[in-house]
Amino acid sequence: MQRIGVFVCHCGSNIAATVDVKKVVEMARMEPGVVFADDYQYMCSEAGQAKIGAAIKEHNLTGIVVCSCSPRMHETTFRSCAKRYGLNPYMVEIANIREHCSWIHKDMQEATEKAVILARAAIAKVNLNAPLQAGESRVTKRALVIGGGIAGIQTALDIADAGYEVDIVEKTPSIGGRMSQLDKTFPTLDCSACILTPKMVDAAGHEKIKIYTYSEVEKVSGFVGDFTVDIRKKARSVDATKCTGCGVCQEKCPSKKTPSEFNRGLGNRSAIYTPFAQAIPNVPVIDREACIKFKTGKCGVCEKVCQAGAIDYAQQDEIITEKYGAIVVATGFDTIKLDKYDEYAYNQSKDVITSLELERVMNAAGPTKGHLERLSDGKAPKEIVFIQCVGSRCADARGKGYCSKICCMYTAKHAMLIRDKYPDVNVTVFYIDVRTPGKNFDEFYRRAVEEYGVNYIKGQVGKVAPQPDGSLLVQAADLLDNRQIKMKADMVVLATAIEPDPSVRGIATMLTASIDTNNFLTEAHPKLRPVESPTAGVFLSGVCQGPKDIPETVAQAGAAAVKVIGLLAKDKLTTNPCTAKPDELLCNGCGNCAKVCPYGAITYEVRQINDHGIREERRLATVNNALCQGCGACTVTCPSGAMDLQGFSNRQLIAEVDAICR
Amino acid sequence: MSEKKNQAKMVQEISGANPYKCMKCGKCSATCPSYDEMDIKPHQFVSYVQRGDIEALAQSKSLWKCLSCFACVERCPRDVEPGRIIDAARQIVVRQRGGNYLKAEEIPPLVDEDLPQQLLVSAYRRYKR
Ligand SMILES: Cc1cc2nc3c(=O)[nH]c(=O)nc-3n(C[C@H](O)[C@H](O)[C@H](O)COP(=O)(O)OP(=O)(O)OC[C@H]3O[C@@H](n4cnc5c(N)ncnc54)[C@H](O)[C@@H]3O)c2cc1C
Ligand code: SF4
Ligand code: SF4
Ligand code: SF4
Ligand code: SF4
């Protein structure tokens, strides 16, 4: 028989204002096994914990029930308290009488009744609890970063500087991400490449960092501290150990008609290419779909001109298998497709472009050599219109429900840069709200208005209609002056919503990391654990977690690195003892449980057992405790009731239900 | 419930639109082909329903200037559908007057060369209920 202590918390007035805590104490005292019950203002405080400790000693308690807030909040607190006073931490149960009771009820009598029932259920469970021992697992002291944008680069640098090995896997031929496509960056207007390139070089030169570009993660198994990952290194068709990066091959390659991904399709590239001049590594790849040699067997020009003999048409994809203790997702974003926004004529006119395309147009290495011109006829524009929130803040099926967060600032940047370089160009920005929180951000936007004479108009654009004379008719509302505007523009720039890189869905599935309805990765806690995924050992860095600009991305990248370092610094991890355990006398080896286990924790082995004196060999389910996350899917699947979750056994759960229904 | 609230509720029921989803972006007013002839602008229809001032909508010129082209309904990013709101306000007025609906067979003789197609289409849409 257990000797149980029950501790009812007031949580200030959070609980006590709605639940009669004295009544809960009184009722708890009458439950089987309970030898002590008391209430206190703040159980989680030092004084509260001391009260629990004193009771454990004085009454020789073998189990305790704390009636308080959600176990998510304080289960660990009370478990370690119990441990300090010599009680096995798994002999502690929490009855959640705050979130599940006082916060959601108004009537004191009803709430008290419910609190009593919840306490009763927890007491019934503790009566069947058994002490559990947490196991240990080892930590591989190496981290994997998926995505080589500024987020991934910064996370990798910070982890490597702390002395741990890091691998970056980047799917394109170079690291750098979107930031490498930007011209200048708000709020200081420094050139993006000037601040990014040194970081790329640092990462490439760091002795602890290994970079796999043109590579993708193909398979992930294992668990926190001990992941095994297959990386597919796609065939570059160029031997990186021989290539000197001279660039002659790209110059001579006769296939030059493939739209450049880096320039957002505004210019072309050759079949053998490096995406941009500062690419790291500076080793080209052959796009086999565009290469004449691969398509027809003829050509081979690059092989002929390469002095280094680096061209290797026979190169094959390579699979690299590596072990990691922690994985960071930094897969970033793309802009949404605009097919559903016919009213803005993006598909009809070359002079309607996205803001990211404008970055390329403004960039000296871009398709127009940094010269602001209309892409239809190369003429200099006189009137430019910016449209904000295109596809953001939409409740309809066409767009995204969220604010993309960065566009108000980059539009102010674009507007200012244009007015600065081309003072005779008129710039009009149609906005719904100007959202510029952040250090020196609102001042930045105000400068666009006050010093650069950018014309900001509150009201969305209804439609953009290409005119026979090549101009664009913009029809918009000016809500503050209550008028409809019809104006001619030479160029229209759309502040297009951003969305997570589409490949993140597959990555999340491989990692069993959760994503929200917008495909952004979910944090373990939106406020208190913003850089961790709920899946242990998986961390989040950059825009893959939610829209953010570079300063925020870099800050978050550093935070993710700290979490990784904290993990890798440990030699061993304690494992959760609440894992599944099959009863070998009941298991008939049907194999159903392994099929439902999302973590691949169950295997089958043939073992000798002694079934009431009969010795025989049977095929039995076996659970790998290090892999099992205690989700319980197997326990409800098992047709013979052989699978049980330690700490949450079928008997315990039924006892709780019985106690509730009593 | 007050008469004001009642009418506002009726507008919401008939239109199926939720005025509280509006973020005042003005895309409806930017889109509207009859904007210049309206005294109350499309994005304002929504505010009038929020305030329960259906009377003012019923008295407005806009009630009869809206073509029911539904461009605003199509483009509203928040699915508020202001065109349906003004449609519903019109329904209430028409009902109060005692339905003077045209029958389909009465229409062909009324059609003349100069009548814009848009008007015909919207007239059918308006009176089909
Ligand atoms: C038009 C525009 C202008 C901007 N201007 C500014 C500015 O002036 N100032 C500012 O602070 N911010 C600006 N930003 C925001 C800035 O671009 C982002 O904050 C920043 O790029 C986020 O970095 P990231 O590493 O999270 O994502 P990304 O830059 O998107 O990097 C992600 C990387 O991961 C790779 N990747 C994706 N999926 C996989 C996969 N499955 N496997 C392997 N690799 C993968 C991608 O190829 C990419 O290299 C602007 C954004 C836009 C769109
Ligand atoms: S020609 Fe040869 S060495 Fe030069 S960039 Fe091309 S592959 Fe590299
Ligand atoms: S940041 Fe500005 S432009 Fe971008 S979605 Fe938000 S409000 Fe609209
Ligand atoms: S489902 Fe049950 S009976 Fe079947 S193998 Fe798993 S534990 Fe054994
Ligand atoms: S378009 Fe929709 S959200 Fe925008 S102002 Fe009009 S009704 Fe409101």
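Residues numbered from 1 in each chain as written. Chains lettered and ligands numbered in written order. Predicted model: local features only at pLDDT ≥ 70, side-chain atom pairs only at ≥ 80, totals over all residues. Heavy atoms only, no water.

### Section: the site of ligand 4
Contacts to ligand 4 come from A:Cys587, A:Asn588, A:Gly589, A:Cys590, A:Gly591, A:Cys593, A:Tyr604, A:Ala621, A:Cys638, A:Pro639 and A:Ser640. Residues that form the shell around ligand 4 fall into these classes: 7 nonpolar, 4 polar and no charged. (Near = heavy atom within 4 Å. Nonpolar A, V, L, I, M, F, W, Y, C, P; charged D, E, K, R; others polar.)

### Considerations on the sheet that holds strand 20 (residues 352–354) of chain A
All names here are of chain A. Spatially, the 5 strands line up as an open sheet ordered 20-27-21-22-23, and their pairing is parallel. This sheet does not close on itself; its edge strands, each paired only once, are strand 20 and strand 23 (455–458). The sheet shows a mean angle of 25° between the axes of neighbouring strands, direction not considered. Contacting strand 20, strand 21 (383–390) and strand 27 (491–496), helix 11 (residues 355–362) runs over the sheet at an angle of about 95° to strand 20. In the packing of helix 12 (residues 407–421) onto the sheet, the strands contacted are strand 21, strand 22 (426–431), strand 23 and strand 27, and the crossing angle to strand 21 comes to about 175°. (Pairing = 2+ DSSP bridges. Helix = DSSP H or I, 4+ residues; strand = E, 2+ residues; numbered from the N terminus. Axes fitted to C-alpha atoms, helices over the stretch in contact; angles between N-to-C directions. Contact = heavy atoms within 4.5 Å.)

### Some words on the site of ligand 1
Residue and element names in this part refer to chain A. Ligand 1 sits among 37 residues. The nearest are Glu 170, Phe 186, Lys 413, Lys 548 and Ile 550. Phe 333 places a polar main-chain atom, nitrogen or oxygen, 3.2 Å from an oxygen atom of ligand 1. A total of 1,000 Å² of accessible area belongs to ligand 1 in isolation, and the protein chains cover 97% of it. Looking at the shell around ligand 1, the elements with two or more residues in it are helix 6 (150–161), strand 8 (184–185), helix 11, helix 12 and helix 15 (550–568). Its residues assigned to classes, the shell around ligand 1 comprises 16 nonpolar, 12 polar and 9 charged. (Polar contact = N/O pair within 3.5 Å; in protein donor to acceptor, adjacent residues only side chain to side chain. Areas by Shrake-Rupley, 256 points an atom, 1.4 Å probe, with all protein chains shown as cover.)

### Here we look at the environment of A:Arg288
Residue and element names in this part refer to chain A. Within the secondary structure, Arg 288 sits in the loop between strand 16 (285–286) and helix 9 (292–296). When the C-alpha positions of Arg 288 and Tyr 313 are compared, they lie 9.4 Å apart, and in sequence the two are 25 residues distant. Apart from residues no more than four positions distant in its own chain, Arg 288 is found in contact with Ala 235, Ser 237, Phe 294, Lys 295, Tyr 313 and Gln 315. At 2.8 Å, the side chain of Arg 288 and the backbone oxygen of Gln 315 are in polar contact.

### Considering the domain arrangement of chain A
The domain architecture assigned to chain A consists of domain 1 (4–126), domain 2 (142–234 + 317–332 + 501–568), domain 3 (248–305), domain 4 (334–499) and domain 5 (580–646). Domain 2 of chain A and domain 5 of chain A are separated by 37 Å when their C-alpha centres are compared. (Domains from an automatic or database assignment.)

### Some points on the state of the cysteines
All names here are of chain A. Inspection of every chain in the model, using the stated rule, returns 1 disulfide over all chains. Covalently, Cys 191 is tied to Cys 194 through a disulfide, its sulfur atoms 2.2 Å apart. Around the S-S axis, the bridge from Cys 191 to Cys 194 shows a dihedral of about 95° and counts as right-handed. Judged by its relative accessible area of 51%, Cys 194 falls in the exposed class. The cysteine Cys 597 is free of any disulfide, with Cys 631 supplying the nearest cysteine sulfur at 6.1 Å. A relative accessible area of 16% means that Cys 597 is categorised as buried. (Disulfide = S-S within 2.5 Å. Buried < 20%, exposed > 50% of the residue type's maximum accessible area, 1.4 Å probe, protein only.)

### Let's talk about the layout of surface pockets
All names here are of chain A. Considering only enclosed or pocket space, the largest pocket measures out at about 2,100 Å³ in volume. Around the largest pocket, the lining is made up of 49 residues, and of these Glu 75, Thr 76, Arg 79, Arg 529 and Asn 576 lie nearest the centre. Grouping the constituent residues of the lining of the largest pocket by class yields 22 nonpolar, 18 polar and 9 charged. (1 Å grid on protein atoms, 1.4 Å probe; cavity = no way out; pocket = protein on both sides within 12 Å on 5 of 7 lines; lining within 4 Å. Points joined across faces, edges and corners; volume = space filled by probe spheres on them.)

### Brief notes about the side chain of A:Glu31
Mapped onto the elements of the fold, A:Glu31 is located in the loop between helix 1 (21–29) and strand 2 (34–40). Those residues in contact with A:Glu31 that lie beyond four places of it in its chain are A:Arg120, A:Ile123 and A:Arg662.

### With respect to the packing of aromatic side chains
All names here are of chain A. Scanning all chains against the criterion turns up 8 aromatic pairs over all chains. Their ring planes at 90° and their centres at 5.6 Å tell us that Phe 186 and Phe 441 sit as a pair that is edge-to-face. With Phe 186 in the loop between strand 8 and strand 9 (190–191) and Phe 441 in helix 13 (residues 441–450), this residue pair connects regions lying 255 residues apart in the sequence. With 5.9 Å between their ring centres and 75° between their planes, Phe 294 and Tyr 313 make a pair best called edge-to-face. Of this pair, Phe 294 sits in helix 9 while Tyr 313 sits in the loop between helix 10 (301–305) and strand 17 (318–324), and the two are 19 residues apart along the sequence. Through successive ring pairs, a cluster of aromatic residues spans Tyr 431, Tyr 445 and Tyr 456. (Phe/Tyr/Trp six-rings, centres within 6.5 Å; stacked < 30°, edge-to-face > 60°.)

### Overview of a nonpolar patch on the surface
Residue and element names in this part refer to chain A. A grouping of Phe 648, Leu 653 and Ile 654 is seen on the molecular surface, where their side chains present a nonpolar patch of about 270 Å² in accessible area. Inspection of the secondary structure assignment puts Leu 653 in helix 18 (residues 650–661). Note on Leu 653: relative accessible area 36%, which makes it partly exposed. (Patch = residues over 30% accessible without salt bridge, like charges linked within 9 Å, V, L, I, M, F, W, Y side chains within 5 Å. Salt bridge = Lys/Arg side-chain N within 4 Å of Asp/Glu carboxyl O.)

### Focus: the nonpolar core
All names here are of chain A. One finds Val 6, Phe 7, Val 8, Ile 52, Ile 64, Val 65 and Cys 67 to be the most contacted residues of the largest nonpolar core, which totals 41 residues. When residues of this core are traced back to their parent elements, those giving at least two are strand 1 (4–9), helix 1, strand 2, helix 2 (46–59), strand 3 (63–68), helix 3 (71–84), strand 4 (92–96) and helix 5 (108–126). Broken down by element, the residue count for this core peaks at 7 residues, all from helix 5. Filtering out sequence-adjacent residues up to four positions away, Ile 64 remains in contact with Ile 4, Gly 5, Phe 7, Ile 52, Ile 56, Ala 82, Leu 87, Met 91, Val 92, Glu 93 and Val 126. (Core = buried A, V, L, I, M, F, W, Y, C linked by side-chain atoms within 4.5 Å.)

### Some words on the interface of chain B and chain A
In this assembly, 21 residues from chain B lie in contact with 21 residues from chain A. The contact between chain B and chain A buries some 1,700 Å² in all, and 48% of this surface belongs to carbon and sulfur atoms. Here chain B is connected to chain A by 1 salt bridge. Elements supplying a minimum of two residues to the side of chain B that touches chain A: helix 2 (27–31), helix 3 (42–51) and helix 6 (71–75) of chain B. For the side of chain B that touches chain A, the leading source of residues is helix 2 of chain B, giving 4 residues. (Buried area = accessible area lost by both parts, 1.4 Å probe.)

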